[in-house]
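Okay, here's what each chain looks like letter by letter:
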Amino acid sequence: MNKVVANVKEACEGLESGMTIMLGGFGLCGIPENCIAQMVNLGINDLTCISNNAGVDDFGLGFLLQGRQIKKMISSYVGENDEFERQMLSGELDVELIPQGTLAERCRATGAGIPAFYTPAGFGTEVAEGKETREFNGKMYVLEKAFEPDFAIVKAWKGDTQGNLIYKGTARNFNPMMASAGKITIAEVEELVAPGQLDPNQIHTPGIFVQRIFQGEKYEKRIEQRTVRIKG
Amino acid sequence: MALDKKGIAKRIAQELRDGWYVNLGIGIPTLIANYIPQGIEVEFQSENGILGMGPFPYDGEEDADLINAGKQTITALPGAVYFDSALSFAMIRGQHVQLTVLGAMEVSENGDIANWKIPGRMVKGMGGAMDLVASAENIIVAMMHTNKKGESKLLPNCTLPLTGVSCIKKVVTNLAVLDVLPEGGFKLIERAPGVSVDEIIAATSGKLLIEGEIPEMVIEE
């Protein structure tokens, strides 16, 4: 089944103000750069964004924050972004912080048809406030629920026209679970190939989860913390 | 003399055992990878999705698609594997990782930890810390014994919002190695070289148990 759309503009059709959107990536690694740029162009706002991080001031989701397009961020860690901090402290931006493993599992549950699950993370902390807790085998757990996103936007290294995806290195992170979670999932890839060009044994996200796929025009792939060792 | 951050990392490295999978937090814990004892093999897990994490890349060989949980560029060792965040936390919550080392702002005498939020200050988030402390069998905290104001970070009860409850088993500070007892209390195991028991008593506000002679840590230069 052909999932290919012509370009980022076509891929992002139907994205509207007020929607809940999942975006893959960890830090700036594996983020859908092209779709984020298009969301800026579309000028949509009041967005609820589910993403592990919120980008930096001048890259990633930072672009959407600059234009005050985000109403609420659901993340596990949001440091490294001054504009984010300003909007959060002034109350312009609503922020829900959740443990990283819980965030990943809530995304996975969404795609897997599981409405809620128990996790030990956050028990006894403010994360568990107002949530059901329950004891299993002498240990306490917190009930966490799946999300209800309108769109999921992911970034992969290679994809074929069927929507099958392969990620590279640690750019995989949240992308596979989010891909499975969207009512509509948009995949942008560095390299789009014909069916049969990807080894079925090596595919990370089966195309059944992907509704739209396109090859991104360009990828800056900015490095957030460049750390090196000296030769010798 | 009290240990520096490297010294704390060197002492915790002595806790590593052959065949362990280990998750190191940001800060002092990251340094531990530099001091793996001779003759043992451990593999480092970074919760953003890699087992078999190697050292930083050489200049010019950085790969934007290869980072650790601190968002630093890294390398992958032969035999490394990448995976998604859900599988990563399955490893963590499922107790497949034998040791977690992380920093803390406060640890209480019943093993509670606070390390993610200071009320009134910008909250950056807990990242994977709550998942790690809720599940790991073996958690060591690496931290300074006192805060910048000189106040003890080993307390009867944490005053800051908690990251996890009754989960910390061992604390290694610039002054001492302490076990957190299941029934409550910090049991003094070792002193930093040249640090007296009295200095440790003065710097600890939680319940401290001292039995017999307390040996000095042996830290190789």
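Residues numbered from 1 in each chain as written. Chains lettered and ligands numbered in written order. Predicted model: local features only at pLDDT ≥ 70, side-chain atom pairs only at ≥ 80, totals over all residues. Heavy atoms only, no water.

So, on to the packing of helix H5 (residues 100–112) of chain A against helix H3 (residues 85–93) of chain B. The relative placement of two packed helices is expressed as an angle between their axes plus a distance between the axes. Viewed as axis vectors pointing N to C, H5 of chain A and H3 of chain B meet at an angle of 125°, and their least axial separation amounts to 8 Å. When the axis of H5 of chain A is compared with that of H3 of chain B, the two are oblique. For the pair H5 of chain A and H3 of chain B, the crossing hand works out as left-handed. Across the interface between the two elements, Gln100, Gly101, Thr102, Ala104, Glu105 and Arg108 of chain A from H5 of chain A touch Ser85, Ala86, Phe89 and Arg93 of chain B from H3 of chain B. Tallied by class, the residues present in the contact of H5 of chain A with H3 of chain B amount to 3 nonpolar, 4 polar and 3 charged. (Axes fitted to C-alpha atoms, helices over the stretch in contact; angles between N-to-C directions. Helix = DSSP H or I, 4+ residues; strand = E, 2+ residues; numbered from the N terminus. Parallel < 35°, antiparallel > 145°, perpendicular 65-115°, else oblique. Left-handed = near helix turned anticlockwise from the far one by under 90°. Contact = heavy atoms within 4.5 Å. Nonpolar A, V, L, I, M, F, W, Y, C, P; charged D, E, K, R; others polar.)

With 51 residues of chain A at the interface, the matching set in chain B holds 48 residues. Across the chain A/chain B interface, buried area totals approximately 4,200 Å², and carbon plus sulfur atoms make up 60% of it. Per-residue buried area on chain A facing chain B is highest for Thr170, Thr227 and Arg229 of chain A; these three make up 17% of the total on that side. For the interface between chain A and chain B, the tally reads 7 salt bridges. (Buried area = accessible area lost by both parts, 1.4 Å probe. Salt bridge = Lys/Arg side-chain N within 4 Å of Asp/Glu carboxyl O.)

Once that is clear, we can look at the confidence of the model for chain B. Counting all residues, the mean pLDDT for chain B is 95, and 100% of those residues have values of 70 or more. Confidence metrics for the complex model read pTM 0.96 and ipTM 0.96. (pLDDT = per-residue confidence, 0-100.)

The full count for this structure, using the stated rule, is 25 salt bridges over all chains. A salt bridge links Arg222 of chain A to Glu220 of chain A; the shortest N-O distance between them is 2.9 Å. Among the salt bridges present, the one from Arg191 of chain B reaches Glu216 of chain B, with a minimum N-O distance of 3.8 Å. Of the two residues, Arg191 of chain B sits in strand S12 (residues 186–191) while Glu216 of chain B sits in the segment after strand S13 (208–209), which places them 25 residues apart along the sequence. Among the ionic contacts, a cluster of salt bridges with common partners joins Lys155, Lys168, Glu190 and Lys221 of chain A together with Asp63 and Asp65 of chain B.

All names here are of chain A. Burial of strand S4 (residues 94–97) is one-sided: the residues Val95 and Leu97 facing one way are buried, the residues Asp94 and Glu96 facing the other way are not. Where strand S3 (residues 70–75) and S4 come together, 4 bridges link them in parallel fashion. If you follow Met73 over to S4, its bridge partner there is Val95. After leaving S3, the chain enters helix H4 (residues 82–89) and then returns to the sheet as S4, a path that is right-handed. (Buried < 20%, exposed > 50% of the residue type's maximum accessible area, 1.4 Å probe, protein only. Pairing = 2+ DSSP bridges. Right-handed = clockwise from strand over helix to strand, strands pointing away.)

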